[in-house]
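Single-letter residue listing:
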Amino acid sequence: MTSPVTPIHSRDNAFVKELRRLSQDSTAYRKQGRVWLEGDHLCRAALARGLRPRIAVFAESFWPQVPAEWAHAADKVVVLADALFADVSGLESPARMGYLLEWQPGFEPQPGQATVVLDRVQDAGNVGSILRSAAAFGFTQVVALKGTAALWSQKVLRAGMGAHFGLHLVEGAEASALEALQVPLIVTSSHQGKLIQHTDLPWPCAWAMGHEGQGVGPAVEALAALQVRIGQPGGEESLNVAAAAAICLHASALSAGA
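These figures come from a predicted structure and were not determined experimentally.

Digging into the overall build of the chain
- A count of helical and extended segments in the chain gives nine helices and twelve strands.
- Relative to its length of 258 residues, the chain is compact, with a C-alpha radius of gyration of 20 Å against a globular reference of 18 Å.
- In the chain, which comprises 258 residues, the proportion classed as buried is 48%.
- Accessible area for the chain stands at about 12100 Å²; split by element, carbon and sulfur atoms hold 50% of it.

Structure representation (structure tokens):
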């Protein structure tokens, strides 16, 4: 079935204004109930997971070259003048295509799932990188506590490289919601706990990764069943939270026989 095509050349068009907000306001997706995926990599990742976009958006100069499957994947196609696409884009080098997806907030953690808990992790690049590691190492759920960067912001989406589409994502949770996970919660420390390589790690489990400067907060730490540390023979005071997460999640995958 051929999707209807709408050309737009006015920057005052209502659709263009909404798209600009989605691209440039990190939390606009919560108000609009839609997520903007810019660039062919994110779009292809969404399609690979069986997602169907509401609207496909293409730059006018790219439209004649668009593969049919990319255009037909959406319910509707919008073709923007190149200058409009560049104006809407949040990238230094604007992509020439994007998809609009319906967004449904995840309200409740799912019990029994291998989970990553983000406790006020504020850097969008770190959050996206942790989502990539979670998906790579067999974790199926990410629970972001209040104070964590918006999971579906453009910066997190770009850093996540498509990991979002294979994870159950919960935003704005309170620490008390972690009791519903029903799996052991593990926290890390630079100075306390057994070295990770000498620890029998449970599976499934939940790893809590904390604020870049303050680490895991007291409310989350109080729920922990296990505390481990990552050895740092080079003598650095601490690791970047995304690097620490990759080490911890990989260790869990190994212990689970992945």
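Once the structure has been displayed, the description carries forward.
Overview of the pairing of strand S9 (residues 185–189)
- Most of S9 sits inside the fold, with four of its five residues counted as buried.
- Both S9 and strand S11 (residues 206–210) contribute to a ladder of three bridges, which runs parallel. Within S11, the residue paired with Val187 across the bridge is Ala208.
- Direction of pairing for S9 relative to strand S12 (residues 226–229): parallel, over a ladder of four bridges. When the bridges of S12 are listed, Ser189 appears paired with Arg229.

Observations regarding the environment of Val57
- Here Val57 is to be found in strand S3 (residues 55–59).
- For Val57, a relative accessible area of 0% translates into the label buried.
- The sequence separation of Val57 and Ala71 amounts to 14 residues, and the corresponding C-alpha distance is 8.7 Å.
- Contact partners of Val57, with chain neighbours within four places excluded, come to Phe15, Leu19, Trp36, Val78, Leu80, Phe85, Arg96, Met97 and Gly98.

Points about the nonpolar core
- If you look at the biggest cluster of nonpolar residues, it comprises 75 residues, and the most contacted ones within it are Leu118 and Trp207.
- The biggest single contributor to this core is helix H9 (residues 241–255), with seven residues.
- Those residues within four positions of Trp207 in sequence are excluded, and the remaining contacts are Thr115, Val116, Val117, Phe139, Ile186, Thr188, Ile196, Leu201, Val228, Cys248, Leu249 and Ser252.
- Residues Val117, Ala173, Val183 and Ala208 belong to the second largest nonpolar core, which totals 15 residues.

Looking at the sheet that holds S3
- Read from one edge to the other, the open sheet built from five strands follows the order S1-S4-S3-S5-S2, with strand pairing classed as mixed. With partners counted over all chains shown, the strands left at the sheet margins are strand S1 (5–8) and strand S2 (34–38), one partner each. Adjacent strand axes in the sheet meet at a mean angle of 20 degrees when their direction is disregarded.
- Of the pairings in the sheet, the one linking S2 to strand S5 (residues 97–102) comprises five bridges and is antiparallel in character. Bridge pairing in S5 links Leu37 to Tyr99.
- Against the sheet, helix H3 (residues 40–48) contacts S2 and S5, and its axis sits at roughly 40 degrees relative to S5.

Re the layout of surface pockets
- A volume near 460 Å³ is recorded for the second largest pocket.
- Along the walls of the second largest pocket sit 23 residues, with Trp103, Gln104, Gly106, Trp152 and Leu169 positioned nearest its centre.
- Listing elements by their share of the lining of the second largest pocket, those giving two or more residues are S5 and strand S8 (168–173).
- The element contributing the most residues to the lining of the second largest pocket is S8, with five residues.
- Looking at the lining of the second largest pocket residue by residue, the class counts come to 13 nonpolar, five polar and five charged.

Concerning the side chain of Gln141
- By the element assignment, Gln141 lies in strand S7 (residues 141–145).
- Here Gln110 takes part through its backbone nitrogen, which lies 2.6 Å from a polar atom of the side chain of Gln141.

Reading the values: rules and limits
- Here, residues in each chain are numbered from 1, in the same order as that chain's written sequence.
- In keeping with the model being predicted, local features are shown solely for residues with a pLDDT of at least 70 and side-chain atom pairs are shown and tallied solely at 80 or more, while totals for entire chains, interfaces and linings include all residues.
- Side-chain metrics in this entry use all non-hydrogen atoms of the structure; hydrogen atoms and water are not considered.
- Secondary structure follows DSSP: runs of H or I at least 4 residues long count as helices, runs of E at least 2 residues long count as strands, and numbering of each begins at the N terminus.
- For the radius of gyration, the atoms used are the C-alpha atoms, and the globule rule reads 2.2 Å times the number of residues raised to 0.38.
- Only protein chains enter the area calculation, which uses a 1.4 Å probe; residues under 20% of their type maximum are buried, those over 50% are exposed, and those in between are partly exposed.
- Note on areas: Shrake-Rupley, 1.4 Å probe, and residue coverage restricted to the protein chains presented here.
- A pair of strands is labelled paired if DSSP reports no fewer than 2 bridges between them.
- Throughout, a residue-residue contact means that at least one pair of heavy atoms, one from each residue, lies within 4.5 Å.
- Think of a nonpolar core as a cluster: buried Ala, Val, Leu, Ile, Met, Phe, Trp, Tyr and Cys residues, connected wherever their side-chain atoms sit within 4.5 Å.
- Comment: axis = line fitted to C-alpha atoms, over the contacting stretch for helices; angle = value between 0 and 180 degrees taken between N-to-C directions.
- Both cavities and pockets are sets of points on a 1 Å grid over the protein atoms alone; in a cavity a 1.4 Å probe fits but cannot get out, in a pocket the set is open with protein on both sides within 12 Å along at least five of seven lines, and lining residues sit with an atom within 4 Å of a point.
- Grid points are joined across faces, edges and corners, and a volume is the space filled by probe spheres set on the points.
- Side-chain classes are defined by residue name, with Ala, Val, Leu, Ile, Met, Phe, Trp, Tyr, Cys and Pro counting as nonpolar, Asp, Glu, Lys and Arg as charged, and the others, Gly among them, as polar.
- By the criterion applied in these results, polar contacts are pairs of N or O atoms within 3.5 Å in which, for protein atoms, one can donate a hydrogen and the other can accept it, and in which residues neighboring in sequence qualify only through two side-chain atoms.

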